[in-house]
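# Observations on the model geometry
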Amino acid sequence: MLKFLQVLKVSINVIMRVVVILAVIFIVRKLNPASLTHLNIAIIEPSAGAFSVGSEENRLAYTIALDQINDDSNYFGVGHLRSFLVHDQLLTDASMENARQRLENHQVAAAFGCASSHCVRQMEETLEALDISLFYSQPYEGIYSTDRHRFMGPLPNQIPLPAAEWALNKYGRRAFILGSNTLYSRVLGEILRDHIEASGGVVTGEIYFGLDDHNIADLPDAWKQSESDVLLNVIVG
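Scope of this entry: the structure provided in the associated data block. (Residues numbered from 1 in each chain as written. Predicted model: local features only at pLDDT ≥ 70, side-chain atom pairs only at ≥ 80, totals over all residues. Heavy atoms only, no water.)

## Quick word on the sheet that holds strand β7 (residues 202-209)
Two modes of strand pairing occur in sheets, parallel and antiparallel, and in both the strands are linked by backbone hydrogen bonds. Quick note on the threshold: The pairing criterion is simple: DSSP has to find at least two bridges between the two strands. Secondary structure elements follow DSSP: runs of H or I of four or more residues count as helices, runs of E of two or more count as strands, with numbering from the N terminus. To get an axis, a line is fitted to the C-alpha atoms, and for a helix only the part in contact is used. The angle between two axes follows their N-to-C directions and goes from 0 to 180 degrees.
With parallel pairing, 3 strands are arranged side by side in an open sheet as β7-β6-β8. With partners counted over all chains shown, the strands left at the sheet margins are β7 and β8 (230-234), one partner each. Between one strand axis and the next, the sheet turns through 20° on average, direction left out of account. Where strand β6 (residues 174-180) and β8 come together, 5 bridges link them in parallel fashion. In the sheet register, Leu178 faces β8, and the bridge partner there is Asn233.

Have a look at this one:
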């Protein structure tokens, strides 16, 4: 298991690096590379709260990618990439204003990160006002459309739905859905419910836990009472 997690971590870092490189290409083509000596990049990842563990891995991956790009002189015609961290949880008006001021003061060309779909929506007004594009590499539920952001993570029809269909075919079409009480999990749960019911299956129950809720001892009883064939896990994290 440890070896698997190590391989997974390396894979995530590689994916993040590819995301950053693709984004740099987009930014440089949008701007005029002849007039650039550097680009300021913001990394929006919380350092506290329920998403902080995953965000730490994301911050590390982005940092590695940017360092590797900077090791190659004049990469894509840009002299240097400078990054800074927006690590607030963005839960209050004050934290949002602090994030806006930092983005504006650093004259940011692009932002990377956001730990959740909810964060993307929180930052939309600020990024729109400052004319900053966001590159979001997390799994994307597919119901939010904007020309400003670049959603680079998988959609439900690319990973969750094929995986769910495989499980339903193998184990049976009575499914119990387990998720986090987040925007992404809720939307994905609705998509799975529609897919299961449209294919002749039955959703025997749904539970969505808060991200800070560790009291899930009632899950096995709820699952058994529902007489399910398969448990579909859409927990974030």
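Okay, back to it.
## Thoughts on the packing of aromatic side chains
Selection rule: A pair of Phe, Tyr and Trp rings is counted when the ring centres sit within 6.5 Å of each other, with Trp represented by its six-membered ring. The angle between the planes then sorts it: under 30 degrees is stacked, over 60 is edge-to-face, the rest tilted. Buried residues are those whose accessible area, probed at 1.4 Å on protein chains only, stays under 20% of the maximum for their type, while exposed residues exceed 50% and partly exposed ones sit between those limits.
Under the definition given, this model contains 5 aromatic pairs. Each ring, one from Phe112 and one from Phe135, has its centre 5.3 Å from the other, and the planes form 20°; the classification is stacked. Of this pair, Phe112 sits in strand β3 (residues 110-113) while Phe135 sits in strand β4 (residues 133-136), and the two are 23 residues apart along the sequence. Since its relative accessible area comes to 1%, Phe112 is described here as buried. Given the relative accessible area of 2%, Phe135 is considered buried. Residues Tyr140 and Phe151 carry aromatic rings whose centres are separated by 4.0 Å and whose planes lie at 10° to one another, so their mutual orientation is stacked.

## Describing the sheet that holds strand β5 (residues 150-151)
The following threshold applies: Residues are treated as being in contact if the distance between any of their heavy atoms lies within 4.5 Å.
Spatial ordering of the open sheet is given by β2-β1-β3-β4-β5, a layout of 5 strands whose pairing is parallel. Only two strands of the sheet have a single neighbouring strand rather than two, namely β2 (81-86) and β5. Note: strand β1 (residues 39-44) against β2, 6 bridges, orientation parallel. Within β2, the residue paired with Ile41 across the bridge is Ser83. Packing against the sheet, helix α3 (residues 93-105) makes contact with β1 and β2, and its axis sits at approximately 170° to β2.

## Topic: unusual backbone geometry
For residues other than glycine, phi is negative in most cases, and the peptide bonds are mostly trans. Although it is not a glycine, Gln107 adopts a positive phi angle of roughly 50°. The exposure class assigned to Gln107 is exposed, which follows from its relative accessible area of 66%. Notably, Asp131 is not glycine yet its phi reads approximately 55°, a positive angle. A residue is classified by how much of its surface remains accessible, and Asp131, at 48% relative accessible area, is partly exposed.

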